[in-house]
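# Structure assessment
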Amino acid sequence: MAKIVFEHITKEFVDEKRGVVKAVNDSSFTINDKEFMVFVGPSGCGKTTSLRMIAGLEKQTEGNIYIGDKVVNSLHPKERDIAMVFQDYALYPHMTIYENLSFGLKNLKVPKTEIDKKVKEASEILGIEDLLDRRPKELSGGQRQRVAVGRAIVRNPKVFLFDEPLSNLDAKLRVQMRVEIAELHKKLGTTIVYVTHDQVEAMTLGQRIVVMNKGVIQQIASPEELYNKPVNMFVGGFIGAPSMNFITCKVDGDKLVAEEVVFNIPEKYNKVIGKYKGKEIVMGIRPEDIYDSQYAENVQNKSEIKTRVKVVEKLGSENLVYFDKFGKTITSRVVPLSQIHSGDVASLTVDCNKIHLFDKDSEMALMV
């Protein structure tokens, strides 16, 4: 079993200016055997520190870490049966690719015939069997990343740890490597813990995702649940690209009012909205739920916004419309057939059934 458990893990650092800083604060969760778990969040949120504590490269200040059924707090990294893939590949430049792949196995005194077999299997899985005689400088970024992954595969560990492995690749190659890593997980059936700051990467790879901010876990859920049921404004704004729009509204009966625009409150909030009557609340609406009104005939519960458009980004498969309203810039994602242009006074339709509501003070979602 390669289940991983964090049991009330805290990691503190001492900063000269700020004093004691909690990089990870009372973190508890379980990563199931053979699960692909992704940690995501902005820089400094504690995701890489969490990964390094699993690896044994950082020592937690408080709490217990289990790999399988064993507490690994005092185990050296090489005793934890994990393999880590780093952001910068960490290949030995003077060695051939074969030597890079086999280096760890040689240190473990694995017989040469077994090394040859493992290197052959890993290189075939990753499609790098023709590169074994080359050196890292002769390879592209994507090829180097495959070698770094191959070096982890040959060890056949209980757990694979990936620390932002695609951040040095161009956009097209990142998409390709995401597909390859997802396929790799299916082939190997191993527990994978993956750290990224890219929420698109997290959503496409993770079976479950840990969203972190300032050392605190905000939500652990499937990509679908994070998108459809964010527990707070941070998760709502972080998950989804472009990010969710937030509009401060006043509750007036079963309506929300912001400036001159009236939004219908979805029926699912009927039981919880009563205590907010006459008060301000934050409405969240995703850009894809704000339509060019000409293409909103199928929207059942709608409100209209008439506004002057600031900028339109034509991306081919979609257009992003930006306009200033409610004291901020709002983003709408519309179909490419839309004839809205920069500078136009446009009519945009909000699908009120897709509204998310948050407490203005706590920023927590109104649970329904």
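Residues numbered from 1 in each chain as written. Predicted model: local features only at pLDDT ≥ 70, side-chain atom pairs only at ≥ 80, totals over all residues. Heavy atoms only, no water.

### Notes on the sheet that holds strand S15 (residues 290–292)
In sheet architecture, strand pairing relies on hydrogen bonds along the backbone and comes in two forms, parallel and antiparallel. Reading across from one edge, S15-S19-S16-S17-S18 is the order of the five strands in this open sheet, with antiparallel pairing throughout. In the strand order of this sheet, the two ends are held by S15 and strand S18 (328–334), each with one partner. Neighbouring strand axes in the sheet, compared pairwise and without regard to direction, differ in orientation by 50° on average. Judged from the three bridges that link them, S15 and strand S19 (residues 345–351) form a sheet pairing that is antiparallel. In the sheet register, Tyr291 faces S19, and the bridge partner there is Thr349. (Pairing = 2+ DSSP bridges. Helix = DSSP H or I, 4+ residues; strand = E, 2+ residues; numbered from the N terminus. Axes fitted to C-alpha atoms, helices over the stretch in contact; angles between N-to-C directions.)

### Details of the sheet that holds strand S13 (residues 261–264)
In spatial order, the strands read S13-S12-S11-S14-S20; together these five strands make up an open sheet with antiparallel pairing. Single-partner strands in this sheet number two, and they are S13 and strand S20 (356–358). Averaged over all pairs of adjacent strands, the angle between strand axes in this sheet comes to 40°, irrespective of strand direction.

### Section: the packing of helix H2 (residues 97–107) against helix H3 (residues 112–126)
Relative orientation and spacing of two packed helices are given, respectively, by the angle between their axes and the distance between those axes. It is the contact of H2 with H3, at a shortest axis distance of 10 Å, that shows an interaxial angle of 130°. When the interaxial angle is binned, H2 and H3 end up oblique. Here the hand of the crossing between H2 and H3 comes out right-handed. On H3, the residues touching Tyr98, Leu101, Ser102, Leu105 and Lys106 of H2 are Ile115, Asp116, Lys118 and Val119. Residues of the contact of H2 with H3, tallied by class, amount to five nonpolar, one polar and three charged. (Parallel < 35°, antiparallel > 145°, perpendicular 65-115°, else oblique. Left-handed = near helix turned anticlockwise from the far one by under 90°. Contact = heavy atoms within 4.5 Å. Nonpolar A, V, L, I, M, F, W, Y, C, P; charged D, E, K, R; others polar.)

### Some words on the layout of surface pockets
Summary: where empty space remains is shown by rolling a probe the size of a single water molecule over the atoms. Empty space within the largest pocket amounts to approximately 610 Å³. Lining the largest pocket are 22 residues, with Ile82, Met84, Gly104, Arg151 and Arg155 positioned closest to its centre. Mapped onto the lining of the largest pocket, the elements with two or more residues apiece are strand S6 (82–85), H2 and helix H4 (141–153). Per-element tally for the lining of the largest pocket: the top contributor is H2, with five residues. A class-by-class count of the residues in the lining of the largest pocket yields 16 nonpolar, three polar and three charged. (1 Å grid on protein atoms, 1.4 Å probe; cavity = no way out; pocket = protein on both sides within 12 Å on 5 of 7 lines; lining within 4 Å. Points joined across faces, edges and corners; volume = space filled by probe spheres on them.)

### A closer look at helix H1 (residues 47–55)
Among the nine residues in H1, seven count as buried, and that is most of the element. For H1, every residue scored as buried is listed here: Lys47, Thr49, Ser50, Leu51, Met53, Ile54 and Ala55. Positive phi appears at Gly56, one or two residues downstream of H1, with a value of about 90°. (Buried < 20%, exposed > 50% of the residue type's maximum accessible area, 1.4 Å probe, protein only.)

### Focus on the side chain of Glu201
With respect to the helices, strands and loops of the structure, Glu201 is situated in helix H6 (residues 199–205). Among buried charged residues, Glu201 stands out as having no salt bridge; its nearest opposite-charge side chain is Arg178, 4.7 Å away. For Glu201, the side chain forms a polar contact with the side chain of Tyr194, separated by 2.7 Å. Leave out the neighbours within four places in its chain, and Glu201 touches Leu166, Arg174, Arg178, Tyr194 and Thr196. (Lys, Arg positive; Asp, Glu negative; His and termini not counted. Salt bridge = Lys/Arg side-chain N within 4 Å of Asp/Glu carboxyl O. Polar contact = N/O pair within 3.5 Å; in protein donor to acceptor, adjacent residues only side chain to side chain.)

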